[in-house]
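# Structural overview for review
The primary structure of each chain is shown beneath.
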Protein chains: 2
Amino acid sequence: MTVGVSVLLDFFGVQGLEFHQADIWEELLDAVIEIGQLTKLHISSHQFSSRLSSKEGDDASEIGIDLTGGATAYALLAESHISVHTWPEKDKVVVDVFTCGAETNLSAIINFLIEQIPHTNMTITRLVRGKKE
Amino acid sequence: MTVGVSVLLDFFGVQGLEFHQADIWEELLDAVIEIGQLTKLHISSHQFSSRLSSKEGDDASEIGIDLTGGATAYALLAESHISVHTWPEKDKVVVDVFTCGAETNLSAIINFLIEQIPHTNMTITRLVRGKKE
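Now for a description of the structure that goes with this document. (Residues numbered from 1 in each chain as written. Chains lettered and ligands numbered in written order. Predicted model: local features only at pLDDT ≥ 70, side-chain atom pairs only at ≥ 80, totals over all residues. Heavy atoms only, no water.)

### A few points about the sheet that holds strand 6 (residues 80–87) of chain A
Residue and element names in this part refer to chain A. Judged by pairing direction, the sheet is antiparallel, and its six strands sit side by side in the order 2-5-6-7-1-8 without closing on themselves. With partners counted over all chains shown, the strands left at the sheet margins are strand 2 (40–47) and strand 8 (121–129), one partner each. Averaged over all adjacent pairs, the angle separating strand axes in this sheet is 10 degrees, with direction ignored. Sheet strands touched by helix 1 (residues 22–35): strand 2, strand 5 (71–77), strand 6 and strand 7 (92–99). Its angle to strand 2, the strand with the most contacts, is close to 160 degrees. (Pairing = 2+ DSSP bridges. Helix = DSSP H or I, 4+ residues; strand = E, 2+ residues; numbered from the N terminus. Axes fitted to C-alpha atoms, helices over the stretch in contact; angles between N-to-C directions. Contact = heavy atoms within 4.5 Å.)

### Side note on the relation of the copies chain A and chain B
Superposition record for chain A on chain B: RMSD 0.0 Å, screw rotation 180 degrees, translation along axis 0.0 Å. The relationship between the two copies is best expressed as a two-fold rotation axis. Both copies contact each other with a shared surface, as 100% of the interface residues of chain A are interface residues in chain B too. (Least-squares fit on C-alpha atoms with pLDDT ≥ 70 in both.)

### Focus: the side chain of Asp 96 of chain B
In this structure, Asp 96 of chain B sits in strand 7 (residues 92–99). Only 2.9 Å separates the side chain of Asp 96 of chain B from the side chain of Arg 129 of chain A, close enough to count as a polar contact. The contact partners of Asp 96 of chain B, leaving out residues within four places of it in the chain, are Ser 6, His 81 and Arg 129 of chain A together with Val 7, Leu 8, His 81, Ile 82 and Ser 83 of chain B. (Polar contact = N/O pair within 3.5 Å; in protein donor to acceptor, adjacent residues only side chain to side chain.)

### Let's talk about the pattern of salt bridges
For the structure on display, the rule yields six salt bridges over all chains. Note that Asp 10 of chain B is salt-bridged to Arg 129 of chain A, the shortest N-O span being 2.6 Å. Separated into two different chains, Asp 10 of chain B in strand 1 (residues 4–12) and Arg 129 of chain A in strand 8 make up a pair that spans both. Assigned by exposure class, Asp 10 of chain B and Arg 129 of chain A land together as buried. Of the charged contacts in the structure, one is a salt bridge between Asp 96 of chain B and Arg 129 of chain A, with a shortest N-O distance of 2.9 Å. One end of the pair, Asp 96 of chain B, is in strand 7; the other, Arg 129 of chain A, is in strand 8, on a second chain. What emerges from the salt-bridge pattern is a single network uniting Asp 10 and Asp 96 of chain A together with Arg 129 of chain B. (Salt bridge = Lys/Arg side-chain N within 4 Å of Asp/Glu carboxyl O. Buried < 20%, exposed > 50% of the residue type's maximum accessible area, 1.4 Å probe, protein only.)

This is the structure in structure tokens:
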């Protein structure tokens, strides 16, 4: 007896600013909800206006230049959620999808995200939740 | 170069209704934010009023009795998030913590959740995010 599935998507090489914008992600989450036949309870997002690179030895942090900030977005769904965090300075986007829904809908969501987000590389981790080891 | 850490906590044997209530989780998320020295952007939650057990062979689904619904809650944080889903009919609660913050704060959050949520068993999965394999 389990409660659902978590799929953690890490995208690399997400260049440009489009997929690091909160408003783009609000639109994408609405599209994901439609494709996944999910029930939206609430969507929220936040755009970071700027952020210093925290990586030691990074040129930007050494010279104190503000980099364009990333975005975070979240969809609270009936018995599920989708979360997004982006780092434009690292060209990275991570998306977590947690769903109790049908496996076919989950596949449609993942395929859509992979298709929509331009990337050079990615990893997918799938975990069954609420299952005693 | 990574972007953060996801910690997925699955609690079993969470009996009674207290930890399946959205308002309790809004309070707990505020406490977690304080303990973890995190920056809150937004908290949202939803209480499911009732839900039929979907497990095949479950007594309640066979006789069509509505069970008390679970809760879902979410904290959107600066560069992090915490999500919660509960299933009172299965005595299960899953909590996901994603943070870019210091590892020490993450330990404090996890210890607090383990201490606060009464359970008989649990699993912890820790995943470094945004790290190319």
